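Secondary and tertiary structure notes
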Amino acid sequence: MEVIGNLQLMQERSLALRKEGKIIGFVPTMGYLHEGHLSLIRKAREETEVVVVSIYVNPTQFGPGEDFDRYPRDLERDRSILENERVDILFAPSDKDMYPPDFSTYVEETKISQRWEGERRPGHFRGVTTIVAKLFNIVLPHRAYFGEKDWQQAKIIKRMVRDLNFPVEIIVLPTVREKDGLACSSRNTYLSPQAREKATSIYKTLKKGEEWLRKGWGHKEILEKMKKELEEIPGLELEYLVLVDPDTLEPLQNIQKENLFLIACRVDGVRLIDNLCVKLEK
Ligand code: PAF
């Protein structure tokens with residue numbers, strides 16, 4: 001596996017690969033890789049000829065007081081995982097190259113980024129769209145892979161790609177879960193064993209919501225009952241639990257064919273997000 005840190009070198013390498021007619025698959029990550037990342041990498045390996053993975057903990061998507069400093073980092077661990085997955089290129093740029101001191105240009109989606117995570121984490125999505133746009137311009141991929149775990153992020157990136165005409169196909173793959181249902185996330189490393197146990201109630205509650213939707217219950221009743229179940233877990237603080245349209249992310253007035261539960265909560269202080277899309281026969 002080639003490891004590239006320099007932006008210009010990465011861009012030149014991609015340009016040369018494109019000239020040779022190679023199809024480039026790209027998986028952007030912030031490292032501390034888990035099974036969710038591996039599912040994206042394996043799909044890219046299957047579908048494209050050259051797989052590039054980036055590892056970069058992007059400072060502009062973290063707000064003041066968030067976990068930028070303690071975000072888990074272990075490049076050697078990640079590097080050996082990527083070698084095993086037969087990744088062709090690891091792109092690991094530095095902060096000073098990505099954001100020179102006079103950096104002053106940002107990319108911002110202004111509609112679907114406003115709600116939910118956008119409301120709770122001001123500036124987060126502007127940081128995400130900016131870094132993803134930069135990475136696309138440096139890595140020049142044909143296809144880029146994202147996880148459904150960050151549903152809102154994936155929608156915003158798709159919108160950015162459409163609105164700004166990036167020649168990149170965005171592939172979004174299902175959330176990978178631990179055996180007990182907890183969605184894989186690098187932030188799960190923050191959970192104590194007790195908090196880890198409590199965190200399983202997130203997916204369990206989402207599945208109950210699904211069951212009640214399928215039984216034909218009304219959405220208000222379902223959300224109330226789900227919230228009540230979660231409130232009973234000591235140390236679990238709900239930030240939002242909503243039922244929205246999977247495309248617009250606007251709250252639903254009526255149950256429709258496709259319904260998306262979005263949830264954000266803190267478990268013993270650790271912030272976790274998850275979601276579940278429920279398709280009904282209508
Ligand atoms: O989902 C992530 O890990 C990050 O938001 C991304 C897309 C790599 C941008 O930093």
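Residues numbered from 1 in each chain as written. Predicted model: local features only at pLDDT ≥ 70, side-chain atom pairs only at ≥ 80, totals over all residues. Heavy atoms only, no water.

A look at the sheet that holds strand 8 (residues 258-267)
The strand order across the open sheet formed by three strands is 7-8-9, and the pairing between neighbours is antiparallel. Of all the strands in the sheet, the pair left with one neighbour each is strand 7 (236-244) and strand 9 (270-279). This sheet shows a mean twist of 15 degrees between the axes of neighbouring strands, independent of strand direction. Inspection of the sheet shows strand 7 paired to strand 8 by eight bridges, in the antiparallel sense. Paired with Tyr 240 across the strands is Ala 264, a residue of strand 8. Along the sheet, helix 9 (residues 219-231) makes contact with strand 7 and strand 8, crossing strand 7 at roughly 165 degrees. (Pairing = 2+ DSSP bridges. Helix = DSSP H or I, 4+ residues; strand = E, 2+ residues; numbered from the N terminus. Axes fitted to C-alpha atoms, helices over the stretch in contact; angles between N-to-C directions. Contact = heavy atoms within 4.5 Å.)

Some details on the packing of aromatic side chains
Within the structure shown, the criterion is met by eight aromatic pairs. Between the aromatic rings of Phe 62 and Phe 68, the centroid separation amounts to 5.3 Å while the plane-to-plane angle is 65 degrees, which identifies the pairing as edge-to-face. A centroid spacing of 5.7 Å and a plane angle of 45 degrees characterise the contact between Trp 116 and Tyr 240, whose relative ring orientation is tilted. In this pair, Trp 116 sits in the loop between helix 4 (95-98) and helix 5 (117-120) while Tyr 240 sits in strand 7, placing the two residues 124 residues apart along the sequence. On the accessibility criterion, Trp 116 (10% relative accessible area) is buried. In this arrangement the basic side chain of Arg 73 is found over the ring face of Phe 68, its NZ or CZ atom lying 4.9 Å from the centre. Lying over the aromatic face of Tyr 32, Arg 77 brings its terminal NZ or CZ to 4.2 Å of the ring centre. (Phe/Tyr/Trp six-rings, centres within 6.5 Å; stacked < 30°, edge-to-face > 60°. Buried < 20%, exposed > 50% of the residue type's maximum accessible area, 1.4 Å probe, protein only. Lys NZ or Arg CZ within 6 Å of the ring centre and 35° of its normal.)

A closer look at the environment of Val 107
Tracing the backbone shows Val 107 in the loop between helix 4 and helix 5. Apart from the residues within four sequence positions on either side, Val 107 is in contact with Arg 126, Thr 129, Thr 130, Ala 133, Met 160 and Leu 164.

Points about the site of the ligand
The local shell around the ligand consists of Pro 28, Thr 29, Met 30, Asn 58, Gln 61, Ile 131, Phe 146 and Gln 153. Contact between the ligand and Gln 61: an oxygen atom at 2.6 Å from a side-chain N or O atom of the residue. At a separation of 2.8 Å, an oxygen atom of the ligand approaches a polar side-chain atom of Gln 153. Here the ligand has 290 Å² of accessible area as a free molecule, and 88% of this is covered by the chains. Residue classes in the shell around the ligand are distributed as four nonpolar, four polar and no charged. (Near = heavy atom within 4 Å. Polar contact = N/O pair within 3.5 Å; in protein donor to acceptor, adjacent residues only side chain to side chain. Areas by Shrake-Rupley, 256 points an atom, 1.4 Å probe, with all protein chains shown as cover. Nonpolar A, V, L, I, M, F, W, Y, C, P; charged D, E, K, R; others polar.)

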